[in-house]
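# Examining the three-dimensional arrangement
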Amino acid sequence: MALPLRKAIAKPCSATPRIPIASSITSLLQTLNPQSKDCEPLKGFSSHLNPSLVIQVIKSAENPYHALFFFNWASNPEPNPNNYYHTRSCYSAITGVLLSHSLFSTAYSLLRHSNKLSDFFICKFINALGDRGDIRGAIHWFHKAKVFARGRCVFSLNAILGVLVRANRVNLAMAIYDQVVAEDVVKPDVFTYTTMIRGFCKMGMVESAGKVFDEMRCEPNVITYNTMIHGFCKKGDMEGAKRVFNRLVESKSCEPDVVTFTTLIDGHSKKGEFQEALNCMKEMLERGCHPNVLTYNALIEGLCLSGYVDEARRMMTRMRLNGLKDNITTNTSILKGFCILGKSDDAIKHLKDMVSRGLNPDVKACHVIVNEYCKIRKSNEAVSLLRGMGARGIKPSVSSFNAVFRVLVAEGKLEEAVLLLKQMPQMGCSPNFLSYSIVICGLCEVKGRMQQVEELVWDMLQNGHNLDAAMYNCLLGGYCEDGDEEMALKTVYNIIDKNFVINKDTFCTFVKELCAKGKMKEAETVFEEMCKRCPVFDINA
């Protein structure tokens, strides 16, 4: 038995996992002072330096100053047995890290002193400023790029146009684009044109997008074509989409892809043109382009929204037979279809089937069923589903809660409504103004509930929501119902002070209450105030 034991002792390190070099450097950096110039601890890694390792360390460092410390050392390591030097990818990595921490001046200084500042890197500054919402700063850097790169700044041009389009500042993007075209210094490329086309289509300006498309000085790529097709489909102009598709088919530079066909299928489906959608899918297959989950989902959603649930389910079966697994979106469409047909039981059963198949319904799927429960007046089941969502880590939408509040109030289940309203934050959703309004106005219609109303109004105000005219009128009606003329009078003056319109019937009830209790002077004062504000106000008190 001595030999096996000797072998086991001879290889003790074989079971010990080797720590990757990048992780070792990252751990070491955390112990160093990035302000220090002492690089001695890093010298042992000199022989391992290569661009891939450097980029990995830079991106792994939690502290951007540690990343910069390592980058500066690796710029001129001592010793340097492999003659290592930073590639553009290394500079790109450190610039990205610095900009992601808003260290713009540090990144600029590094690139300028390294003589690496170029159009390629300036576009990173533009994108970073755009992500922060600093449009003015992004435009400033674009103009800087035009001067610095002497017109060869297409990266920066595309970056600033992209920033403006994402911020829905399409008019400003158009102004810059028109200026660039007029100056004829910066040469737009296919990304420039595609960005402008996307911006116009995003704003529904398909005609303007078509003008840019027709004036392109380079060959469109498939993304350009798809963007134009999507713009027409979004507007419901399937003839326009088909024209662009035919132009794509005739072009020799690119071919339609799965996005092209899925966009067309979605457009036809949304218009209820299912035969055209199926023809698109047929042509798709004939061209050797295979539908994906999004393709089937587009067709299934269209069928369901038009009430063709059986056809949609057959399409889902076809999808599965073609090796694609249905997802939450697919099944949510089926749920909507059942609800549109009024088949509540089938919708609820389908939701349970989803869970049994391991598909965890998302907030949209649950919202569909909550609304359906509310429609058929099953408030207890709706509340139960809301609570179950929280238990599964799904945050219910405020619109789902509001749908339930309407039903609870209509059924007179005011205690349940108040309890649910107070529990909303614990369930991952904050009440909005409508949530409070539904419950508060419901309480105001029942005698003896005004103390509870006042508590909810206080909560509402604390959460940043102010009362509107409708809620003030509800409060007035509630105080009149309770015979609390003092609070009713205060409410009337609040309505007057805020220049809100007062409900005539409620006001009549209030004035009659005052008169019945012998408070003629107060009634007369309020009546005169209302007459000043509303000269044609007709009331017989």
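Residues numbered from 1 in each chain as written. Predicted model: local features only at pLDDT ≥ 70, side-chain atom pairs only at ≥ 80, totals over all residues. Heavy atoms only, no water.

### Concerning unusual backbone geometry
Both trends apply: most residues other than glycine have a negative phi, and most peptide bonds are in trans. Cis geometry marks the peptide bond from Glu78 to Pro79, where omega comes out at 0 degrees. Within the secondary structure, Pro79 is located in the loop between α4 (64-75) and α5 (88-100). Phi at Ser102 takes a positive value of approximately 60 degrees, unusual for a residue other than glycine. Its place among the elements puts Ser102 in the loop between α5 and α6 (104-113). (Helix = DSSP H or I, 4+ residues; strand = E, 2+ residues; numbered from the N terminus.)

### Comments concerning the pattern of salt bridges
This structure, assessed with the given rule, holds 16 salt bridges. Ionic pairing is found between Arg357 and Asp326, a salt bridge with its closest N-O pair at 3.2 Å. Taken as a pair, Arg357 in the loop between α20 (344-356) and α21 (363-375) and Asp326 in the loop between α18 (309-321) and α19 (328-340) lie far apart in primary sequence, 31 residues in all. Three or more residues joined by partner-sharing salt bridges are found here, namely Asp184, Lys187 and Arg217. (Salt bridge = Lys/Arg side-chain N within 4 Å of Asp/Glu carboxyl O.)

### Observations regarding the side chain of Asn226
By the secondary structure assignment, Asn226 is in helix α13 (residues 222-234). Within the structure, the side chain of Asn226 is placed 2.6 Å from the side chain of Thr260, a separation counted as a polar contact. When neighbours within four sequence positions are excluded, Asn226 is seen to be in contact with Asp257, Val259 and Thr260. (Polar contact = N/O pair within 3.5 Å; in protein donor to acceptor, adjacent residues only side chain to side chain. Contact = heavy atoms within 4.5 Å.)

### Quick look at the packing of helix α16 (residues 274-286) against helix α17 (residues 293-305)
One can describe the packing of α16 onto α17 by two numbers: an axis separation of 11 Å at closest approach and a directional angle of 165 degrees. Taken together, the axis directions place α16 and α17 in an arrangement best described as roughly antiparallel. Both α16 and α17 take part in a crossing whose hand is left-handed. Between α16, through Phe274, Ala277, Leu278, Met281 and Met284, and α17, the contact on the second element is made entirely by Thr295, Tyr296, Leu299, Gly302 and Leu303. Taken together, the residues that form the contact of α16 with α17 break down as eight nonpolar, two polar and no charged. (Axes fitted to C-alpha atoms, helices over the stretch in contact; angles between N-to-C directions. Parallel < 35°, antiparallel > 145°, perpendicular 65-115°, else oblique. Left-handed = near helix turned anticlockwise from the far one by under 90°. Nonpolar A, V, L, I, M, F, W, Y, C, P; charged D, E, K, R; others polar.)

### Notes on helix α23 (residues 398-410)
It helps to recall that an α-helix has 3.6 residues per turn; residues three or four apart then point in one direction. For α23, with 13 residues, the first-to-last C-alpha span of 18 Å sits near the 18 Å given by 1.5 Å per residue. Within the span of α23, buried status applies to Ser400, Phe401, Asn402, Ala403, Val404, Phe405, Val407, Leu408 and Val409. For α23, the elements touching its buried residues are α21, α22 (379-391), α24 (414-423) and α25 (433-444). Following α23 by one or two positions, Gly412 adopts a phi angle in the positive range, close to 80 degrees. (Expected span 1.5 Å × (residues − 1). Buried < 20%, exposed > 50% of the residue type's maximum accessible area, 1.4 Å probe, protein only.)

### Some thoughts on the nonpolar core
Grouped together as the largest cluster of nonpolar side chains are 169 residues, with contacts concentrated most on Phe70, Ile440 and Leu475. For this core, the leading source of residues is helix α7 (residues 119-131), giving eight residues. Dropping the residues within four chain positions of it, Phe70 is found in contact with Ile25, Leu29, Leu42, Leu49, Val54, Val57 and Ile58. (Core = buried A, V, L, I, M, F, W, Y, C linked by side-chain atoms within 4.5 Å.)

### Observations concerning the packing of aromatic side chains
For any pair of aromatic rings, geometry is given as the distance between the ring centres together with the angle between the planes. If you walk through the whole model with that rule in mind, you get 12 aromatic pairs. Aromatic pair Phe120 and Phe155: ring centres 5.8 Å apart, planes at 85 degrees, arrangement edge-to-face. One end of the pair, Phe120, is in helix α7; the other, Phe155, is in helix α9 (residues 154-166), and 35 residues separate them in sequence. Classification of Phe120 by relative accessible area gives buried; the value is 19%. The exposure class of Phe155 is partly exposed, given its relative accessible area of 43%. Considering the side-chain rings of Phe213 and Tyr225, the 5.5 Å spacing of their centres and the 80 degrees angle between planes classify their relative orientation as edge-to-face. In this pair, Phe213 is assigned in helix α12 (residues 206-214) and Tyr225 in helix α13, connecting sequence segments 12 residues apart. Like Tyr225, Phe213 is buried. In this structure, Lys144 is placed above the aromatic ring of Tyr108, and the distance from its NZ or CZ to the ring centre is 4.5 Å. (Phe/Tyr/Trp six-rings, centres within 6.5 Å; stacked < 30°, edge-to-face > 60°. Lys NZ or Arg CZ within 6 Å of the ring centre and 35° of its normal.)

### Some thoughts on α7
With 13 residues, α7 extends 18 Å between its outermost C-alpha atoms, agreeing within 8% with the 18 Å of an ideal straight helix rising 1.5 Å per residue. Of all 13 residues in α7, 10 are buried; the element is thus mostly enclosed. The set of residues buried in α7 consists of Asp119, Phe120, Phe121, Ile122, Cys123, Phe125, Ile126, Ala128, Leu129 and Gly130.

### Here's the deal with the environment of Asp459
Positionally, Asp459 belongs in helix α26 (residues 450-462). For Asp459, a relative accessible area of 31% puts it in the partly exposed group.

### A closer look at the environment of Thr227
As for its placement among the helices and strands, Thr227 is situated in helix α13. On the basis of relative accessible area, Thr227 is assigned to the buried category, the value being 11%. Linking Thr227 and Ala209, residues 18 residues apart in sequence, is a C-alpha distance of 9.4 Å. Leaving out residues up to four positions away in the same chain, Thr227 has contacts with Thr194, Ile197, Arg198 and Cys201.

### What to know about the packing of helix α8 (residues 135-148) against α9
Interhelical geometry of α8 versus α9 gives an angle of 165 degrees and a closest axis separation of 9 Å. Relative to α9, α8 is oriented roughly antiparallel. Here α8 runs over α9; the crossing is left-handed. For the pair α8 and α9, the contacting residues are Ile135, Ala138, Ile139, Phe142 and Ala145 in the first and Ser156, Leu157, Ile160, Val163 and Leu164 in the second. Residues that form the contact of α8 with α9 fall into these classes: nine nonpolar, one polar and no charged.

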